[in-house]
Amino acid sequence: MVGMPGLMLLDTPSLYYRAFYGVPESLTAPDGMPVNAVRGVIDMIAMLVRAHSPAELVACMDADWRPAFRVAAIPAYKAHRVAQDGAEETPSTLAPQVPVIEQVLDALGVARIGVPGYEADDVMGTLTARARGPVDVVTGDRDLFQLVDDSRPVRVLYTARGVKNLQPVDEAAVTGKYGIPGRAYADFAVLRGDPSDGLPGVPGVGEKTAAALITRFGSLEALLRAVDGGGDLTAGQRAKLSAAHDYLRVAPAVVRVAHDAPVPAADLALPATPRDPEALAALAERYGIGGPLDRLTSALAAR
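Before going into details, it helps to say that this report is about the structure given with it. Quantities reported herein were computed from a predicted structural model and do not represent experimental measurements. (Residues numbered from 1 in each chain as written. Predicted model: local features only at pLDDT ≥ 70, side-chain atom pairs only at ≥ 80, totals over all residues. Heavy atoms only, no water.)

## Description of the overall build of the chain
Phase 1 of the analysis: Per the secondary structure count, the chain includes 13 helices and 6 strands.
Phase 2 of the analysis: Taking 2.2 N^0.38 as the reference for a compact globule, 303 residues should give roughly 19 Å; the C-alpha atoms of the chain span a radius of gyration of 21 Å, in line with that estimate.
Phase 3 of the analysis: In terms of its C-alpha atoms, the chain occupies a principal-axis envelope of roughly 70 × 45 × 35 Å.
Phase 4 of the analysis: When burial is assessed residue by residue, the chain has 50% of its 303 residues classed as buried.
Phase 5 of the analysis: Long-range pairs, those at least 24 residues apart, make up 69% of the contacts in the chain with a sequence separation of at least 6.
Phase 6 of the analysis: Mean positive and mean negative side-chain charge positions of the chain (29 and 36 charges, respectively) differ by 6 Å. (Helix = DSSP H or I, 4+ residues; strand = E, 2+ residues; numbered from the N terminus. Rg over C-alpha atoms; globule rule 2.2 N^0.38 Å. Buried < 20%, exposed > 50% of the residue type's maximum accessible area, 1.4 Å probe, protein only. Contact = heavy atoms within 4.5 Å. Lys, Arg positive; Asp, Glu negative; His and termini not counted. Charge placed at Lys NZ, Arg CZ, Asp CG, Glu CD.)

The structure is reproduced here in structure tokens:
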């Protein structure tokens, strides 16, 4: 698959969870610490660089995995993932690996950006809005299909089948999969809901009905105007949408990624050589990740 030279945005939490569950935990550092997620993420980035050769690359991070503005709108947002200490419930052998991934990215010189009060999705949405050229968003999260825009172009490289078998998602792919206009995924997702994020959706409105309504009216705003103004809806549809009025009023701010998060200015250029070779060598020795790091540094140099 030929890549688009430009900006590549990594949904880093999505990638390290995929690596954690996809790479055996038997891969450990010399001290016995599992490093399967670390090794997996490094190899994923190496494959992406070789396949797509982006000019710029950003590892987008969750500085806040459950932002207050989303919880204020819908208290159930991700509530089922909250651990007893209030943090995100994370596998015990994954949590120690996340700081190592961050140290590796920093030693390499790969831009790593998180913004207090915002999720990685919001960093990606904001950087996409600012971009002046093509953008590839690498994620396993369907919610980011809302960023797809053929006119710019912005596409999602979807990791559901793994980084070796990325599915490029453009507007035609969104339409083909869900039967909705290519840029209408967020509105569709509001109606359908997403139990994995604690979003109830509109009771009685499933995926097919949500797609039909968004296709017919073009947007959630137009659909709600039809509800309020006596537009072309069945009595059952009107009743369900009217009953969900309070949810529909607040849910768009939860589902739609931010396009104006205070993302700091940063050098996004993908380095050809590591920023801190000594730190990288120390990480390679301490965690036994020399092989993956050699593959990634070779991929960077080959660009």
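## Observations regarding the nonpolar core
Phase 1 of the analysis: Counting residues in hydrophobic clusters, the biggest one holds 61 residues, and the most contacted among them are Leu9, Val58, Val137, Leu191, Leu241 and Leu248.
Phase 2 of the analysis: Those residues within four positions of leucine 9 in sequence are excluded, and the remaining contacts are Val58, Cys60, Met124, Leu127, Thr128, Val135, Asp136, Val137 and Val138.
Phase 3 of the analysis: Grouped together as the second largest cluster of nonpolar side chains are 44 residues, Met8, Ala37, Leu105 and Leu296 included. (Core = buried A, V, L, I, M, F, W, Y, C linked by side-chain atoms within 4.5 Å.)

## Looking at the pattern of salt bridges
Phase 1 of the analysis: Under the definition given, this model contains 13 salt bridges.
Phase 2 of the analysis: Residue aspartate 197 is joined to arginine 81 by a salt bridge in which the shortest nitrogen-to-oxygen separation is 2.6 Å. You can see aspartate 197 sitting in the loop between helix H7 (185-192) and helix H8 (207-217) and its partner arginine 81 sitting in the loop between helix H3 (68-73) and helix H4 (97-108), a full 116 residues away along the chain.
Phase 3 of the analysis: What makes aspartate 197 buried here is its relative accessible area of 8%.
Phase 4 of the analysis: In this structure, the salt-bridge partner of arginine 256 is aspartate 187, at a minimum N-O distance of 2.5 Å. Taken together, the residues span a long stretch of sequence, with arginine 256 in the loop between helix H11 (245-255) and helix H12 (277-287) and aspartate 187 in helix H7 at a distance of 69 residues.
Phase 5 of the analysis: On the basis of relative accessible area, aspartate 187 is assigned to the buried category, the value being 9%. (Salt bridge = Lys/Arg side-chain N within 4 Å of Asp/Glu carboxyl O.)

## Here's the deal with unusual backbone geometry
Phase 1 of the analysis: Cis rather than trans, the peptide bond between arginine 152 and proline 153 has omega equal to -5°.
Phase 2 of the analysis: Along the chain, proline 153 turns up in the loop between strand S4 (135-139) and strand S5 (154-158).
Phase 3 of the analysis: Notably, serine 53 is not glycine yet its phi reads approximately 45°, a positive angle.
Phase 4 of the analysis: Within the fold, serine 53 resides in the loop between helix H2 (36-52) and strand S2 (56-60).
Phase 5 of the analysis: A positive phi is found at lysine 78, a non-glycine position, where the angle reads about 55°.
Phase 6 of the analysis: Within the element layout of this structure, lysine 78 appears in the loop between H3 and H4.

## So, the sheet that holds strand S1 (residues 7-11)
For sheets, the rule is that strands pair by backbone hydrogen bonds, running either parallel or antiparallel.
Phase 1 of the analysis: One open sheet accounts for 6 strands, arranged S3-S2-S1-S4-S5-S6; its pairing is mixed. Both outer strands of the open sheet, strand S3 (111-113) and strand S6 (167-169), are each paired with one neighbouring strand and no more. On average, each strand axis in the sheet is tilted by 25° relative to the strand beside it, whichever way the strands run.
Phase 2 of the analysis: Across 5 bridges, S1 lies against S2 in parallel orientation. Bridge pairing in S2 links leucine 10 to alanine 59. (Pairing = 2+ DSSP bridges. Axes fitted to C-alpha atoms, helices over the stretch in contact; angles between N-to-C directions.)

## Focus on the environment of valine 255
Phase 1 of the analysis: By the secondary structure assignment, valine 255 is in helix H11.
Phase 2 of the analysis: In this structure, the C-alpha to C-alpha distance between valine 255 and glutamine 146, residues 109 residues apart in sequence, is 9.5 Å.
Phase 3 of the analysis: Not counting chain neighbours up to four residues away, the residues in contact with valine 255 comprise Gln146, Ala186, Ala189, Val190 and Leu199.

## Describing the pairing of S5
Phase 1 of the analysis: The buried fraction of S5 is high, at 5 of 5 residues.
Phase 2 of the analysis: Neither face of S5 is exposed, since Val154, Val156 and Tyr158 on one face and Arg155 and Leu157 on the opposite face are all buried.
Phase 3 of the analysis: One ladder, built from 5 bridges, connects S4 with S5; its direction is parallel. Bridging across to S5, valine 138 finds its partner in leucine 157.
Phase 4 of the analysis: As paired elements, S5 and S6 share 3 bridges and run antiparallel to each other. The residue of S6 that forms the bridge with valine 156 is valine 169.

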